[in-house]
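Commentary on secondary and tertiary structure
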Amino acid sequence: MTAGTGGGAVTAGTAAEGRFAVRRWSRTASVAAAGSVVAVAALAGVPYYAGTSAEQPLVTLFCLVALASLWNLMAGFAGLTSFGQQAYLGAGAYALYAAASMGLDPFAAIPLAAAAAGVLSLPVSFAVLRLSGGHFAVATWVLAEILRLAVTLAPSAGGNTGVSLPGVSGYDALLRQALTYWWALAVAVCSVAGVYALARSRFGLDARAVHSDPVAAASAGVAVGRTRRWAYCLSAFGTGAVGAVLFANTLYTQPGSVFGVQHSVAMMFMVVIGGIGTIEGPILGALVFFALQQALSGYGPWYLVLLGAAGIAITLFAPRGLWGSLAAPRGWSLFPIGHHISGTS
Amino acid sequence: MNWVGAVVQGVLVGGWYALAACGLSLTFGIMRLVNIAHGDLAVCGAYLTLVLSSALGLPVGYTLPLVLPIAFAIGVALHLLLFGRALRGGPLAPVLVTFGLSVMIENLLVAGLSADPRSLDAGRLALAGVRVTAFGSVITLSWLRIAGFLTALAVLGGLHLLLARTSFGRLVRATSDDLDTARLVGVRVRPVFATVAGIAVATAALAGVFLGMTATFDPYAGGLSLIFAFEAVVIGGLGSLWGTLLGGVTIGLVQQLAAQWDVQYTVLAVHLLFFAVLAVRPQGFFPASEPEAA
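Rules used in this analysis
- Residues numbered from 1 in each chain as written.
- Chains lettered and ligands numbered in written order.
- Predicted model: local features only at pLDDT ≥ 70, side-chain atom pairs only at ≥ 80, totals over all residues.
- Helix = DSSP H or I, 4+ residues; strand = E, 2+ residues; numbered from the N terminus.
- Rg over C-alpha atoms; globule rule 2.2 N^0.38 Å.
- Buried ≥ 20, exposed ≤ 12 C-beta atoms within 10 Å, placed from the backbone.
- Contact = placed C-beta atoms within 7 Å.
- Nonpolar A, V, L, I, M, F, W, Y, C, P; charged D, E, K, R; others polar.
- Pairing = 2+ DSSP bridges.
- Axes fitted to C-alpha atoms, helices over the stretch in contact; angles between N-to-C directions.
- Left-handed = near helix turned anticlockwise from the far one by under 90°.
- Core = buried A, V, L, I, M, F, W, Y, C linked by C-beta atoms within 7 Å.
- UniProt positions renumbered as here; feature names shortened; annotations may be inferred.

1. Brief notes about the overall build of chain B
Looking only at helices and strands, chain B has twelve helices and two strands in total. Traced from its N-terminal end to its C-terminal end, chain B shows the element sequence α-α-α-α-α-β-β-α-α-α-α-α-α-α. For chain B, the C-alpha radius of gyration of 19 Å lies close to 19 Å, the compact-globule estimate for 294 residues. Counting only C-alpha atoms, chain B reaches 60 × 45 × 35 Å along its principal axes. With 294 residues in all, chain B has 51% of them scored as buried. Across chain B, the fraction of contacts at a sequence separation of at least 24, relative to all contacts at a separation of at least 6, is 77%.

Right, dumping it as structure tokens:
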């Protein structure tokens, strides 16, 4: 646990068999990191050379990537399966509405909306983290239902009919869409990079220990409650940002849809199918989900039956997901988070 | 409106919550399975009754001898196909698998039977009521609600006797207490768990039938049913059947009392009570003193 917290290779000593080294980084990882920077730079330029027709689907994709990574932060690393992240999606959207109604610039207020979701999650975490497993999952869902009902019953928040985002009329349509696009890209990049950084830190080690065996982790000195609380609150913060960006994108939000459990279905599906507990998996899962959504959403209920069946089949028969099944046997790791021990003699 | 009436109605409605919740409590108490699809299976019971009673031309009540065994068989099959594997697949697998099942059930119902709200025709029972005078106020009680409450009591009592007094119950308790030791002394765990899953789904289907007779249902009604059932389990205390009854009655009371104030706030009041219990008394009000109380 002490070796290799920095990066690069650490020569860890002489065992009877010979010398061995603990590595966290690799040439593939350097290439992947450099490639990601280039890809993000290329994507950041899309409003200049591709226009709004490319922006719209990419905003959706970026939001999916962010949601999947943030759900994975809880489920894949801290072992918390939430079915209530739509609570923070809605909290972010309605916080943005409140901020914009008070005259703040909607795009400048997106971090505020995220912070509002994060602040809300802290007291909530003290209640829901008393439970674990399936009980935790349903309790978080209840929170989303509470917020949905509260917004529906509040005429000042638009009630059941929903609200439009104020303060955007001053923006030129092209600029507004470009700003939304950049915000979506920023939220996706920050979510993925943030989860990557967290997973490689001491927190990541603690979280995976808590995930594998909370009792053993606690006895080894890991602060189980604090680790789970961080994962839950950071995930809520990021999900709040996604909610605000989605609201800025559609300019309209309604309690019935933003607080719907279908968002959790999507998050679970993306993470499970892509590969739970990896950095690459949720990104791949978001791409698969996005493609399926574009191709099959016309089939209505059958499309969701397929998602449910795929989620079950992958969980039972290929629990490492697409990325894990492809990468693990071949030793691929674009964004390494574990430690790799190899002989050096 | 009168408060005495609200209290009596609340207790009767609470019986339904307990009936919806007891299967959830049972599978968690015995095999540590939180079945996210429990509410959807209840709704399936309502649809199954609807289809059978219209296909056979029978009143709702007469289809129960068919519906309950079918539901039991579905529960056994689900355990053998999914739940058993999921329970061996690590801590996240049961949650993910039953959530996937819930999504599948809801959308299969939409695809096969449309999303229109339905209800079950309870016949003469639906409108019949009894007028009672208590504490100087006249209360009208529906026979259907009374029947639902008595059914819940009978189911919970039956489950209690089954677990406490029969040799099958002894196997269940032994398995629940210590899986490995039970195996070691020759308990065949799979059939025991499959039977428990069958019983849980049958009680869910029964709750679904009462739901269908007292209210409308649609394919998405499973989510809210699960949440209410789950709240009854947590408020009552995890893993305790009698706690689940008291949890159900608590929910019924809060709902009916909130309705006295404003009907819009009934569901919200129940959810807020649940969060308050979770924050203040997470073990619930009547936790199982021993695991065998299941």
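2. Examining the overall build of chain A
On a plain count of helices and strands, chain A comes out with 15 helices and five strands. Seen through its C-alpha atoms, chain A measures out along the principal axes to roughly 75 × 50 × 40 Å. Among the 345 residues that make up chain A, the fraction classed as buried is 48%. Here the analysis covers contacts within chain A between residues at least 6 apart in sequence; of these, 78% occur between residues at least 24 apart.

3. Things to note about the interface of chain A and chain B
On the chain B side, the residues contacting the 36 residues of chain A number 37 residues. With twelve residues, helix α6 (residues 133–152) of chain A is the single largest residue contributor to the side of chain A that touches chain B. Across the side of chain A that touches chain B, the residue classes break down as 26 nonpolar, eight polar and two charged.

4. Observations concerning the pairing of strand β1 (residues 129–134) of chain B
Residue and element names in this part refer to chain B. With zero of six residues buried, β1 lies mostly on the surface of the structure. Strand direction decides the pairing type here: β1 and strand β2 (residues 137–142), joined by six bridges, are antiparallel. Its bridge partner being in β2, R131 is matched across the sheet by T140. Counting the residues that bridge the hairpin from β1 to β2 gives two residues, and of these F135 lies at a positive phi of roughly 50°.

5. Some points on the packing of α6 of chain A against helix α10 (residues 221–236) of chain B
Packing of α6 of chain A against α10 of chain B brings their axes to within 10 Å, and their N-to-C directions diverge by 120°. Like other packed secondary-structure pairs, α6 of chain A and α10 of chain B cross with a definite hand, here left-handed. Of the residues in α10 of chain B, those touching α6 of chain A at H135, V138, W141, V142 and E145 of chain A are L226, I227, F230 and V234 of chain B.

6. Regarding the nonpolar core
Generally speaking, soluble globular proteins have nonpolar side chains that are buried together. In this structure, L96, I110, A113 and V245 of chain A together with A205 of chain B are the most contacted members of the largest nonpolar core, which totals 207 residues. If near-sequence neighbours (up to four positions away) are discounted, I110 of chain A is found in contact with L96, W183, A241, A244, V245 and A248 of chain A.

7. With respect to the UniProt feature "transmembrane region" (unreviewed entry) in chain A
Here, UniProt's "transmembrane region" (unreviewed entry) annotation points to residues 29–50, 56–80, 110–129, 136–158, 178–199, 230–252, 264–290 and 302–323 of chain A. For residues 136–158 of chain A, the helix share is 74%, the strand share is 0%, and the end-to-end C-alpha distance is 30 Å.

8. Digging into unusual backbone geometry
The phi dihedral of L251 of chain A is positive, around 65°, even though this residue is not glycine. Among the secondary structure elements, L251 of chain A is positioned in the loop between α10 (224–250) and β4 (252–253). Phi is positive for R32 of chain B, which is not a glycine, with a value near 60°. By secondary structure assignment, the location of R32 of chain B is in the loop between α1 (3–31) and α2 (38–56).

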